[in-house]
Amino acid sequence: MTNATTAPARPVMSAVDDADLMLMLTIRHFEWKLLELFAQGRLNGTTHTCLGQEYVPVALRGLLRERDHVFSNHRGHGHYLARHQDPAGLLAEIMGREGAVCNGVGGSQHILRDRYLSTGVQGQSLPVAAGVALRLKRAEPGALACAYVGDGTWGEGAVYEALNMARLWDLPLLVVVEHNGIAQSTPTSAQLAGTIGARAAAFGVDHVRSTSTDVVGLREELAPAVDRVRRGSGPLVAELITHRVGPHSKGDDTRSESDRAAVADADWYRRYPVGRAEQFERLDAAARDLVDAVADDVTARPPSRWGQS
Amino acid sequence: MRVAENLNLALHELFAADPELMLLGEDVGDPYGGAFKVTKGLSTRWPDRVLSTPLSEGGIVGVGAGLALTGTPAIVEIMFGDFVALAFDQIANFASKSVSMYGHERPMPLTVRCPTGGGRGYGPTHSQSLQKHFIGLPGLALYETTPLHDNRDLLARVVGAGEPAVLFEDKVLYTQRVLTDGVVDDLFSYDLLTPDVARVFVDDPETYDCVVITTGGVAHRALAAARSLLLEEEITCLVLVPAKLHPFDVGPLLPALRGAKTVVVAEESTAGGTWGAEVAHRLHRSLWTTLRGPVALAHSADSVIPTAPHLEAEVLVGASRIHRAVVEAVRG
């Protein structure tokens, strides 16, 4: 059993405003659309969906500012959409069509737009984010670098080199750990000794752990600690227990029926509509229509062009 | 002036000229000033721009890449070039890729300085010349300090190019003097064939029996070989020393190589997949019809680099090996 499946009984979720819910639902339908396009053989390469984790970047969005940098990883569609609300540019990037954010060169896991950057190698982004945080500390106090990592990423030495420097130099680095209890096919219990909290503590790095899947609640829990990062108190590790509802990539979910059922049971998408059917159904339909329209548009576009000059 | 002092001066000038420039490395702060004293005085003058770091080569190159991502030029010193292996991911999978993998050309002013090479008895993991492992990474430029270039110009060019670069600095060369005024010694003169390539010749740069192309770190050994070849074998060499190793552009060299019948590339790398092999390939494509035979390589043995001086000398390329390679190429 993993942390993801032993979370406590589900409280009723707080109401979120239409904009936040629309964003969560857009991410959900975007990811479903990708799996559908894959199944139809219309997508190239690979992709990693964030099904079940959509609320994390939406919650963070309420805590981040325009001047903050965001570093994402292989499972980054939600991070990108929460930052830029650009499903067409992202789908075009993933499909290599005209209008692609990075001309189709980077694809699903290598995207750069303004102060948003994703890379495909685990742990690699943390030292880079620390470097950006070093710049921000010197040139733009109050801004921070936010790096999303998974629980599996904590196997990489780069994480510790970065935490060490971030603490030594009091860098405004916010590490958001999307702890979904499984690294590809390996449960956390088989790949992570001790705890993330104890590892952060070993560096004297602040650590907040939350099992909330509630946008409003998460923001309230994280806000004071994020604010301390902005005020120069040094790095923060925000460990968010979450649920990877989908496979690691495509059709590679090796979890047992019961584990998958437990994860599905925790899914915000199932739990949120309780008592809020009107808002949910209205926006769910709107998000589905939006993503359908984006997909129709993007799939009809010509291939992207990459002019190396 | 010694090469290490020349590099130190180059860094001081760069820091004075660019208020954004930063430098990170292990033990680079004063009073220590770096394992080879190349950063001496910098942290005293610019304490907030010169950071002595933990032992985290991968981490500090990543931090440098993060600074460069924001447009802040960054220089990272790797204490011994061998340790750059620990930063290979950041160089190969992030810094060099970031200039193009996001679909648009993007500056990344990151320079990784690597004290390189053997001859000082530091043993197998502190004596290597790892240039070959970085050849052919798209977006990455490789340079090497030489005794024939003013490193103030070279470093300004490397950092100013705004692209990820690795600068190899031979550790023995640190202690040797920078040549000036076009004079090597009583027999040899030099000039800059291009801003990048220094040319050493006897009387007339157009008259020679063999061209020796070599890295900055091996330049003195190549010059010693050129001297013994002239005095003992009556073979005249033209020695070319490029400061930029990769990408290696043969175009500007072709006029000077018009009469070349034999070419030897000399480098300190151990055998196999070397920079010299890359240069030879590029030269073959341009000079195949005019060369007498294939470009010959002179390099270190296919071996770890031993610690004991007599064993190390057997492995590393020396003047005598270059001498023999030239004799074989010219007369073989």
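Definitions and cut-offs
Residues numbered from 1 in each chain as written. Chains lettered and ligands numbered in written order. Predicted model: local features only at pLDDT ≥ 70, side-chain atom pairs only at ≥ 80, totals over all residues. Helix = DSSP H or I, 4+ residues; strand = E, 2+ residues; numbered from the N terminus. Rg over C-alpha atoms; globule rule 2.2 N^0.38 Å. Buried ≥ 20, exposed ≤ 12 C-beta atoms within 10 Å, placed from the backbone. Contact = placed C-beta atoms within 7 Å. Pairing = 2+ DSSP bridges. Axes fitted to C-alpha atoms, helices over the stretch in contact; angles between N-to-C directions. Parallel < 35°, antiparallel > 145°, perpendicular 65-115°, else oblique. Left-handed = near helix turned anticlockwise from the far one by under 90°. Nonpolar A, V, L, I, M, F, W, Y, C, P; charged D, E, K, R; others polar. Core = buried A, V, L, I, M, F, W, Y, C linked by C-beta atoms within 7 Å. Domains from an automatic or database assignment. pLDDT = per-residue confidence, 0-100. Right-handed = clockwise from strand over helix to strand, strands pointing away.

A. Looking closely at the overall build of chain A. For chain A, the helix and strand inventory stands at 12 helices and 9 strands. Taking 309 residues into account, the globule formula puts the C-alpha radius of gyration at 19 Å, and chain A, at 19 Å, falls close to it. Its C-alpha atoms give chain A principal-axis dimensions of roughly 55 × 50 × 35 Å. Counting only residues that meet the buried cut, chain A has 54% of its 309 residues in that class. Within chain A, counting contacts between residues at least 6 apart in sequence, those at least 24 apart form 77% of the total.

B. View of the overall build of chain B. Each helix and strand counted, chain B has 9 helices and 13 strands in total. Taking 2.2 N^0.38 as the reference for a compact globule, 332 residues should give roughly 20 Å; the C-alpha atoms of chain B span a radius of gyration of 19 Å, in line with that estimate. Each principal axis of the C-alpha distribution contributes one length, and for chain B these read about 55 × 45 × 40 Å. Pairs at least 24 residues apart make up 76% of the contacts formed inside chain B by residues separated by at least 6 positions.

C. Region of the structure containing the sheet that holds strand β9 (residues 236-241) of chain A. Residue and element names in this part refer to chain A. Overall, mixed pairing links the 7 strands, which are arranged β2-β3-β1-β4-β5-β9-β8 in an open sheet. Looking at strand neighbours, the two that pair on one side only are β2 (112-113) and β8 (206-210), the edges of this open sheet. As judged from the 6 bridges shared by strand β4 (residues 145-150) and strand β5 (residues 173-179), these two strands associate in the parallel manner. By the bridge assignment, V149 is partnered in β5 with V177. Sheet strands touched by helix α3 (residues 77-84): β1 (69-72), β2, β3 (116-118) and β4. Its angle to β1, the strand with the most contacts, is close to 160 degrees.

D. Representation of the packing of helix α6 (residues 157-168) of chain A against helix α3 (residues 57-69) of chain B in the model. Packing of α6 of chain A against α3 of chain B brings their axes to within 8 Å, and their N-to-C directions diverge by 65 degrees. Regarding the angle of α6 of chain A to α3 of chain B, the classification is roughly perpendicular. Taken as a pair, α6 of chain A and α3 of chain B cross one another with a handedness that is right-handed. Residues A158, E161, A162 and M165 of chain A of α6 of chain A touch α3 of chain B, and the partners they reach there are G58, G59, G62 and V63 of chain B. When the residues that make up the contact of α6 of chain A with α3 of chain B are grouped by side-chain class, the tally is 4 nonpolar, 3 polar and 1 charged.

E. Region of interest: the nonpolar core. V212, V264 and V326 of chain B are the most contacted members of the largest nonpolar core, which totals 194 residues. Three or more residues apiece are contributed to this core by two domains, here domain 1 (3-175) and domain 2 (189-331) of chain B.

F. The confidence of the model for chain A, seen in detail. Per-residue pLDDT for chain A averages 93, and the proportion of residues at 70 or more is 96%. This model gives residues 1-8 of chain A a pLDDT under 50, and the stretch forms 24 contacts once residues within four places in sequence are excluded.

G. Looking closely at the packing of α3 of chain B against helix α4 (residues 88-98) of chain B. Residue and element names in this part refer to chain B. For the pair α3 and α4, interaxial distance at closest approach is 8 Å and the crossing angle is 20 degrees. Regarding the angle of α3 to α4, the classification is roughly parallel. Where α3 crosses over α4, the handedness of that crossing is right-handed. Together, G58, V61, G62 and A65 of α3 and D89, Q90, I91, F94 and A95 of α4 make up the contact between the two elements. Considering only residue class, the contact of α3 with α4 consists of 5 nonpolar, 3 polar and 1 charged.

H. Broad picture of the interface of chain A and chain B. Residue-level contacts link 28 residues of chain A with 23 residues of chain B. For the side of chain A that touches chain B, the secondary-structure elements that each account for two or more residues are α5 (125-139) and α6 of chain A. Here the residues of the side of chain A that touches chain B sort into 16 nonpolar, 10 polar and 2 charged.

I. Structural view of the pairing of strand β13 (residues 296-300) of chain B. Residue and element names in this part refer to chain B. For β13, the buried fraction is high: 5 of the 5 residues fall into the buried class. The pairing of strand β12 (residues 263-270) with β13 spans 4 bridges and is parallel. Counterpart to V264 in the pairing with β13 is A296. Handedness of the β12-helix α7 (residues 275-287)-β13 crossover: right-handed.

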